[in-house]
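Breakdown of the fold
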Amino acid sequence: ERLAAGFGRPVPPEIVVVLRIFNGCGDLPVFSNGMRLDSAEDMLASLEFLREVYAGLRAPTRRRWDKLCRGDPAMMQSGFFPDGWLPIGSDDAGNHICVDTVPAEHGHVGQVLAVDRGPEGGVLARSLEDLFVEYAD
């Protein structure tokens, strides 16, 4: 309930299920890229932090941060952390995995995005299920 209130919209059902089963994985990486699945409390903290930091940036810095969220503009909205992205995983370097509830025209509601400082930003998987299957293989 706190997560939905902070997110400002309903939490996607697949996230609710994952939180009921796991509610994060502590400090253990779940994904091969070193990301870990966050708890509901950590998701909310990341969401609040990312929104607060971005809101406080000046225009030139915002343009640099917008480049962190690169990807196919037909699949995902441009810019850093639009409303509707829910961080579900993170690493110790400040990178995040987000579920996208507001994709661009050719994207998919529920697609999973990398908000990454390296070259791996963009759409990771069409859905959370696809992401888990990919990393389980």
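No experiment lies behind these values; they were computed from the predicted model shown.

Every α-helix winds through 3.6 residues per turn, so residues three or four apart in the chain are directed the same way. The set of residues buried in helix H2 (residues 13–21) consists of Ile 15, Val 18 and Leu 19. Viewed end-on, H2 has its buried residues packed into an arc of 100 degrees, placing them on one side of the element. Facing away from the buried surface of H2 by more than 90 degrees, the exposed residues are Pro 13, Arg 20 and Ile 21. Phi turns positive, to about 45 degrees, at Asn 23, one or two residues after H2.

A few words on the confidence of the model for the chain. Per-residue confidence for the chain gives a mean pLDDT of 83; residues scoring 70 or more make up 87%. Across the chain, helix H1 (residues 2–7) holds the top mean pLDDT of 94, while helix H4 (residues 59–66) sits lowest at 71.

Further remarks concern the side chain of Arg 36. Along the chain, the position of Arg 36 falls in strand E1 (residues 36–37). Among the polar contacts made by the side chain of Arg 36, one reaches the side chain of Asp 92 at a distance of 3.1 Å.

Attention shifts here to the nonpolar core. Ile 15, Trp 85, Leu 86 and Ile 88 are the most contacted members of the largest nonpolar core, which totals 32 residues. Among the elements that take part in this core, helix H3 (residues 40–55) stands out by supplying 6 residues, more than any other.

Centre distance and the angle of the planes are the two values used to describe a pair of aromatic rings. One pass over the structure, following the stated rule, counts 0 aromatic pairs. Looking at Arg 9, its charged tip hangs above the ring of Phe 7, at a distance of 5.6 Å from the centre.

The terminal C-alpha atoms of H3 lie 22 Å apart, and with 16 residues this matches the ideal 22 Å at 1.5 Å per residue to within 8%. Listed in full, the buried residues belonging to H3 are Ala 40, Met 43, Leu 44, Ser 46, Leu 47, Leu 50 and Tyr 54. Buried residues in H3, looked at end-on, bunch into an arc of 160 degrees, giving them a common side. In H3, the exposed positions angled more than 90 degrees off the buried face are occupied by Phe 49 and Glu 52.

Moving on, we get to the environment of Gly 110. Mapped onto the elements of the fold, Gly 110 is located in the loop between strand E3 (96–100) and strand E4 (111–115). According to the relative accessible area criterion, Gly 110 is buried, its value standing at 5%. On a C-alpha basis, the gap between Gly 110 and Pro 12 in space is 7.6 Å, while along the polypeptide they are 98 residues apart. Not counting chain neighbours up to four residues away, the residues in contact with Gly 110 comprise Glu 14, Val 99, Asp 100, Arg 126, Ser 127 and Leu 128.

Conventions adopted
Residues numbered from 1 in each chain as written. Predicted model: local features only at pLDDT ≥ 70, side-chain atom pairs only at ≥ 80, totals over all residues. Heavy atoms only, no water. Buried < 20%, exposed > 50% of the residue type's maximum accessible area, 1.4 Å probe, protein only. Helix = DSSP H or I, 4+ residues; strand = E, 2+ residues; numbered from the N terminus. Arc of directions from axis to C-beta. pLDDT = per-residue confidence, 0-100. Polar contact = N/O pair within 3.5 Å; in protein donor to acceptor, adjacent residues only side chain to side chain. Core = buried A, V, L, I, M, F, W, Y, C linked by side-chain atoms within 4.5 Å. Phe/Tyr/Trp six-rings, centres within 6.5 Å; stacked < 30°, edge-to-face > 60°. Lys NZ or Arg CZ within 6 Å of the ring centre and 35° of its normal. Expected span 1.5 Å × (residues − 1). Contact = heavy atoms within 4.5 Å.

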